[in-house]
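# Structural overview
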Amino acid sequence: MIIEIGHFSVVIALVLAVFGIVSSSLALRTRDADWVRAGRMALTLIFILLSVGMAALIYSFLARDFSVHYVATNSNSQLPLFYTIAAVWGGHEGSLLLWVFILSTFSTIAVWLHWRTQPAIMPYLIGMECLVILGFLLLILFLSSPFDRLIPAPPDGKDLNPLLQDPAMVMHPPMLYMGYVGFSIPFSFAMAALLSGRLGEEWIKVTQRWTIFAWVCLTTGILLGGYWAYYELGWGGYWGWDPVENASFMPWLVGTAFLHSVMVQEKRKMFKVWNLFLIIVTFSLSLIGTFLVRSGVLTSVHTFATDPERGLYILIFVTTIIGIAFGALMLRANKLKSQIEMDSMVSRESVFLFNNLFFLVATATVFLGTLYPLMIETWQGAKVTVGPPYYNTVFMPIALGLLFLMGVGPYIPWRKASQASLKKNFLIPVVVGVVSTVVLFVLGIRSLFALTGAFVVGFSGAAIFIDVGKISSLYARRESINLLKGFFSAFTANQRRYSGLVTHVGVLVLVVGIIASTVYQTEKVVSMRVGDEFVMDDYRVKLERIHDVRGKNWSAQEGVFEVYEGDTLLTKLRPQKRVYDASQTPTTESAIYAKNMGHIFLTMPDVSADGVAVARGVINPLILWVWGGGGIMGLGVLLNIFRPRKRDE
Amino acid sequence: MMVAKKKVGMIVSILLVGGALGYLALGNFGENVVYFFTPSEVKAFSTDYYKKKVRVGGMVVEGSMETYPDRLGLTFQLTDGEATIPVTFEGIPPDLFKEGQGAVVEGYWTGEHRFESNLIMAKHSEDYMPIELKRAGVELPRKDFMKSLVE
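Owing to the predicted nature of the structure, the values given are computational and were not obtained by experimental measurement.

## Remarks on the interface of chain A and chain B
Counting residues at the interface gives 41 residues for chain A and 29 residues for chain B. A salt bridge links B:Asp95 to A:Lys577; the shortest N-O distance between them is 2.6 Å. Of all the secondary structure elements, the ones that give two or more residues to the side of chain A that touches chain B are helix H13 (348-380), strand E1 (383-386), helix H14 (388-408), strand E2 (522-528), strand E8 (586-589) and strand E11 (613-620) of chain A. No other element matches the 11 residues that H13(A) contributes to the side of chain A that touches chain B. Its residues assigned to classes, the side of chain A that touches chain B shows 22 nonpolar, 12 polar and seven charged. Here E1(A) pairs with strand E1 (residues 33-37) of chain B via four bridges, running antiparallel. Each bridged residue has a counterpart across the sheet, and for A:Thr385 the counterpart in E1(B) is B:Val34.

## Brief notes about the pattern of salt bridges
Residues and elements named next belong to chain A. Taken as a whole, this structure holds 21 salt bridges over all chains when the rule is applied. For Arg529, the salt bridge identified is with Asp610, shortest N-O distance 3.9 Å. On the criterion of sequence distance, the pair formed by Arg529 in the loop between E2 and strand E3 (533-536) and Asp610 in the loop between strand E10 (598-607) and E11 is long-range, its members being 81 residues apart. For Asp610, a relative accessible area of 52% gives the class exposed. Connected via shared salt-bridge partners are Glu4, Asp65 and Arg149.

## Looking at the domain arrangement of chain A
Residue and element names in this part refer to chain A. Looking at the assigned domains, one finds that chain A contains domain 1 (1-162), domain 2 (166-281 + 290-308 + 331-389), domain 3 (395-520 + 632-641) and domain 4 (522-620). On a C-alpha basis, the centroid separation for the pair domain 1 and domain 4 is 44 Å. Of the residues lining the interface, seven residues belong to domain 1; the matching set on domain 4 comes to seven residues. When domain 1 packs against domain 4, the two sides together hide about 610 Å² of surface, and 58% of this comes from carbon and sulfur. Our enumeration of links across domain 1 and domain 4 arrives at one residue pair in polar contact (both at pLDDT 80 or more).

## Details of the pairing of strand E4 (residues 539-550) of chain A
Residue and element names in this part refer to chain A. Pairing of E3 with E4, which is carried by four bridges, proceeds in the antiparallel orientation. Looking at E4, one finds that Met536 is bridged to Tyr539. The antiparallel pairing of E3 with E4 creates a hairpin that spans two residues between the two strands, and Asp537 there sits at a positive phi of about 50 degrees. Sheet topology note: the E4/strand E5 (residues 554-565) ladder contains 11 bridges and is antiparallel. Across the sheet, the residue bridging to Val541 is Val563, located in E5. The antiparallel pairing of E4 with E5 creates a hairpin that spans three residues between the two strands.

## Considering the environment of A:Ile185
Residue and element names in this part refer to chain A. Turning to its location among the elements, Ile185 is positioned in helix H8 (residues 184-196). On the basis of relative accessible area, Ile185 is assigned to the buried category, the value being 0%. Separated by 60 residues in sequence, Ile185 and Leu125 have C-alpha atoms that sit 8.0 Å apart.

## A short note on the nonpolar core
By size, the foremost hydrophobic cluster in this structure holds 180 residues, and its most contacted members are A:Ile46, A:Trp99, A:Phe187, A:Leu194, A:Trp203, A:Ile398 and A:Leu403. Apart from residues lying up to four places away in sequence, A:Trp203 is in contact with A:Pro186, A:Phe189, A:Ala190, A:Ala193, A:Phe258, A:Gln265, A:Asn275, A:Leu276 and A:Ile279. Counting residues in hydrophobic clusters, the runner-up holds 19 residues, among them B:Phe45, B:Val60, B:Ala103 and B:Trp109.

## Some points on the side chain of A:Ser286
Position of A:Ser286 relative to the elements: it lies in helix H11 (residues 272-295). If near-sequence neighbours (up to four positions away) are discounted, A:Ser286 is found in contact with A:Tyr180, A:Phe183 and A:Pro251.

## A word on unusual backbone geometry
All names here are of chain A. Of note, the amide linkage connecting Ile151 to Pro152 takes the cis form, showing an omega dihedral of 0 degrees. Its location among the elements puts Pro152 in the loop between helix H6 (122-143) and helix H7 (167-182). Even without being a glycine, Asp159 presents a positive backbone phi close to 85 degrees. Looking at where Asp159 falls in the secondary structure, it is placed in the loop between H6 and H7. The phi dihedral of Trp241 falls on the positive side, at around 55 degrees, and the residue is not glycine. Among the structural elements, Trp241 can be located in the loop between helix H9 (202-232) and helix H10 (243-268). The class for Trp241 is buried, based on a relative accessible area of 10%.

## Focus: the confidence of the model for chain B
Caution is warranted with low-pLDDT regions, since their predicted coordinates should not be read in detail. Residues and elements named next belong to chain B. When the pLDDT values of chain B are averaged, the result is 74; 77% of them are 70 or greater. Of the regions scoring below 50 in pLDDT, residues 125-151 engages in 39 contacts with residues more than four places distant in sequence or in other chains. As scored by the predictor, the complex reaches a pTM of 0.89 and an ipTM of 0.74.

## Description of the environment of A:Met169
All names here are of chain A. Within the secondary structure, Met169 is located in helix H7. Judged by relative accessible area, Met169 falls into the buried class, the value being 8%. Distance from Met169 to Tyr227, taken between C-alpha atoms, is 9.6 Å for residues 58 residues apart in sequence. What Met169 contacts, discounting residues up to four positions off in sequence, is Trp89, Leu163, Leu164 and Trp228.

## Comments concerning a nonpolar patch on the surface
Residues and elements named next belong to chain A. Taken together, Met1, Ile2, Ile5, Met41, Leu45, Ile48, Val52 and Tyr59 make up a surface patch of nonpolar side chains, about 740 Å² in accessible area. Where the nonpolar patch is concerned, the elements lending two or more residues are helix H1 (2-30) and helix H2 (33-62). Counting residues per element, the nonpolar patch draws most heavily on H2, at five residues. Mapped onto the fold, Met41 is located in helix H2. Exposure remark for Met41: the relative accessible area of 52% places this residue in the exposed category.

Conventions adopted
- Residues numbered from 1 in each chain as written.
- Chains lettered and ligands numbered in written order.
- Predicted model: local features only at pLDDT ≥ 70, side-chain atom pairs only at ≥ 80, totals over all residues.
- Heavy atoms only, no water.
- Contact = heavy atoms within 4.5 Å.
- Salt bridge = Lys/Arg side-chain N within 4 Å of Asp/Glu carboxyl O.
- Helix = DSSP H or I, 4+ residues; strand = E, 2+ residues; numbered from the N terminus.
- Nonpolar A, V, L, I, M, F, W, Y, C, P; charged D, E, K, R; others polar.
- Pairing = 2+ DSSP bridges.
- Buried < 20%, exposed > 50% of the residue type's maximum accessible area, 1.4 Å probe, protein only.
- Domains from an automatic or database assignment.
- Buried area = accessible area lost by both parts, 1.4 Å probe.
- Polar contact = N/O pair within 3.5 Å; in protein donor to acceptor, adjacent residues only side chain to side chain.
- Core = buried A, V, L, I, M, F, W, Y, C linked by side-chain atoms within 4.5 Å.
- pLDDT = per-residue confidence, 0-100.
- Patch = residues over 30% accessible without salt bridge, like charges linked within 9 Å, V, L, I, M, F, W, Y side chains within 5 Å.
- Areas by Shrake-Rupley, 256 points an atom, 1.4 Å probe, with all protein chains shown as cover.

Structure, rendered in C-alpha cells:
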C-alpha cells in the first residue's frame with residue numbers, strides 16, 4: 001500500500017511538471033504574474049510529492065517488503081540497517097529517483113531564494129527545471145520504475161551487491177548527484193539569460209555560489225568514489241580510468257573551467273559566449289554521465305544489464321536538452337560579441353584562456369577514450385577498450401601545465417603585465433621551484449613526473465606563500481596587530497580570493513600525494529603459511545594465524561599479520577576474505593595501517609584448503625595527502641560559500 | 001596595425017599550445033587501444049597479431065584450472081563453445097574468477113599457441129544474461145553470450 005502511495009505521488013508530480021512548463025510558457029506570453037506563481041506552486045508541490053515517493057521507497061526497504069521488485073533485487077532480510085537505506089540508491093531505478101528528487105529540491109530552493117531579486121528569470125527557471133524533471137520522471141515511470149510489484153513476493157531479497165555495502169558508498173551517489181544536479185541551476189539561469197536576452201553578468205553573479213556548491217559536491221563525490229575503490233576493491237589504487245569514473249570526471253573538468261572562466265566575465269566583461277558554452281557543456285556532460293552509467297552501454301563495475309529502450313530514451317532526452325541549449329546559444333551569439341579585446345598575451349585574461357584550453361583538451365581526451373569503444377563497435381562491430389596508460393600519458397603534462405598556470409594566474413595583472421611586475425612576482429617562485437627539483441634530484445629521485453611535479457608545486461606553492469605573507473604583514477602593520485591576526489584580518493577582508501587560494505593549496509597537496517603514491521608505490525605478492533614472513537621496504541610482515549570470523553550477513557577467513565619495523569611491532573593487520581551469505585559472493589577486504597602520511601595496505605586474496613594464504617602488500621607513500629588535499633579543497637570552498645556578502649553582491 | 005599583430009600572435013600561440021595538446025591526445029591513442037576477440041578468432045590469428053596486447057572473452061572450462069606448486073599464477077582453458085585456448089596467468093585472479101564462469105583475459109597470444117595473460121576480469125555470467133532468456137531457460141546463442149561478457 002505504502003509503495004502505491006509513492007508511485008501515485010510520482011505520477012502526480014509528472015502531471016505537475018507538464019503544468020509547470022505550460023504555466024511558465026503562458027507567463028512569458030501573457031506577462032501575467034499569476035502564471036509564474038502557479039509555476040512556483042507546481043514546482044514546490046513536485047518537491048513535496050517526490051519526497052513522498054522517496055519516503056515510500058525508503059519505508060519499503062526498512063519494512064523489508066520484498067513484494068516490491070526493486071527492494072527484492074537490492075536488499076535482503078539480513079542486510080544491516082545502514083546499508084538498507086543506502087540500498088535505496090544502490091540500483092539504477094532508485095538512483096534515478098534520487099537524482100530527480102535532488103533536482104526538485106534544488107530547483108525549489110532556487111525559486112524561493114531568488115524569487116524577489118530575479119523576477120524576470122523565474123518563468124525560464126521554472127520552465128527549464130520542470131522540463132528536466134519531466135524527462136527524468138518519464139524515464140522513471142515508464143522505463144525503470146522502482147515502484148513495481150513482484151507478485152508473488154519471494155521469501156527473501158537478492159541482497160545488495162556486497163561491494164556496495166560500505167560507508168563511502170552510502171554517501172558517494174548522493175554527493176555525485178548533488179554535483180550533477182547543482183549545475184542545473186546555473187544552467188537554467190544561463191538559459192534564462194539567453195532566452196530573455198538579458199545577457200549581462202548578472203546570471204553569473206547570482207549563481208556563483210550554486211556553481212561552487214555543485215563543484216564541491218562533485219569533487220567530494222569523485223573523491224569518495226576513489227577512496228572506496230582504494231580500500232574496497234583491494235587493488236591499492238584509487239583511480240582506474242573506468243568509464244564510469246570518466247563519466248563523472250568530464251563534467252568536473254568543464255565545470256572547473258567554467259568556475260574559473262566566469263571570473264573573467266565578472267571582472268573584464270569578456271568570454272561571454274564562452275561561459276554560456278561552458279555551462280551548457282557542463283550540464284550536458286552531467287546528463288551524459290548519467291546516461292553512460294545508467295544505460296549500461298559501457299563496460300564497468302557500475303553498469304547494469306543492458307536495456308536498449310532505456311538507453312535510446314535517455315539519448316533522445318539528452319539530445320533534446322542539448323539541442324535546445326545550443327540552439328538558443330547560436331541564435332543569440334551575434335548579440336554576445338564582446339566589445340573588449342584582449343590586451344596582451346602576458347595577462348591574467350590569457351592565463352584564464354589557457355586554463356580553459358587545458359581543461360577542455362583534458363575533457364576531450366576523456367571523452368574520446370570513453371566513447372571511442374562505442375563508436376568503433378557501432379561502425380566496425382569490433383570491441384575495443386582504451387587502456388589507462390593512454391590517459392596517464394596525456395594527463396601528466398596537462399595536469400602539470402595547469403598547476404603551473406595555477407601559480408601564475410592569481411599573481412599576474414589583468415590587461416597587461418610589465419616585465420618589472422613579472423620579475424617582482426615570479427622570480428622567487430621560479431627559484432623555489434628549481435631548488436625543489438634540484439633537491440629531489442640530489443636525493444636520488446629520477447622520475448620525470450616527480451621532478452617536473454616538484455618544480456610546479458614549488459613554484460605555485462611559493463607564489464601563494466609569498467602572497468599570503470605579504471598581505472598578512474601589510475594588514476598587521478596597518479592595524480598594528482601581530483602577523484597571525486594580520487593574516488585573519490586580511491583573509492576576511494578578501495575572503496573570496498583567499499578561499500580560492502586555500503582550494504589551490506589543497507590541489508597542490510593532492511598532487512604531491514598522487515605523484516608520490518603512483519611513482520613510488522611498492523607492491524609485493526607472496527604465498528605464505530602461518531609463521532612465514534616477507535619483507536617489504538623497511539617492514540617485515542609475518543602471518544601469525546588465520547581464523548574464521550562472522551559478520552551480520554557474511555562469514556570470512558581473517559589473516560592476522562604482524563607488521564614489524566626492525567624488531568618493533570608496529571601493528572597487527574587483519575585483512576579478510578569474505579563470503580556474503582545471500583549472494584555467496586566473495587570479496588577481499590583490505591587492512592590498512594597509516595605511517596608517515598603513507599599507508600601499509602594489505603589484502604589476503606586467497607586461502608587454499610591446505611592453509612597457504614596469498615598475501616598482497618602495497619606501500620603507498622604520502623597517500624594521506626591525496627585525501628587531505630581533497631579536504632583542504634573542500635575547506636576552501638566552504639570558506640568561499642560562507643563568506644560575508646559584500647555590497648556589490 | 002598593432003592590434004592586428006597582437007591578434008595574430010594570440011591566435012598563433014593558442015593554435016600552437018592547442019596543437020601540441022591535441023597531438024599529445026591523439027598521438028598516444030592508437031597504441032593504447034586494445035581489441036577484444038573470442039577464442040575462435042584468436043586461434044585464427046595471423047602472425048601479425050602475435051605479441052600484440054588483446055583481450056579475449058570466454059568461459060573457463062570446468063576442471064581445467066591448475067595452480068603452480070612453487071609460485072603464484074595459474075593455467076586454465078578458455079572456450080567460446082567452438083574453440084578452446086590454453087591460458088597462463090601470472091598474479092592473483094579476481095574474487096569472482098571461477099571455473100564454469102565467464103572471464104575476460106588481457107595479454108598476448110604467443111607463437112606457441114598459448115595465451116599469456118597478466119589481467120583477468122571476471123563476472124557472474126548469470127547476471128549478464130537478458131532476463132527474458134533466463135526465464136525461458138533458453139541456451140544463449142554464442143554471439144549473445146560473448147556480447148554479454150563485455151557489456
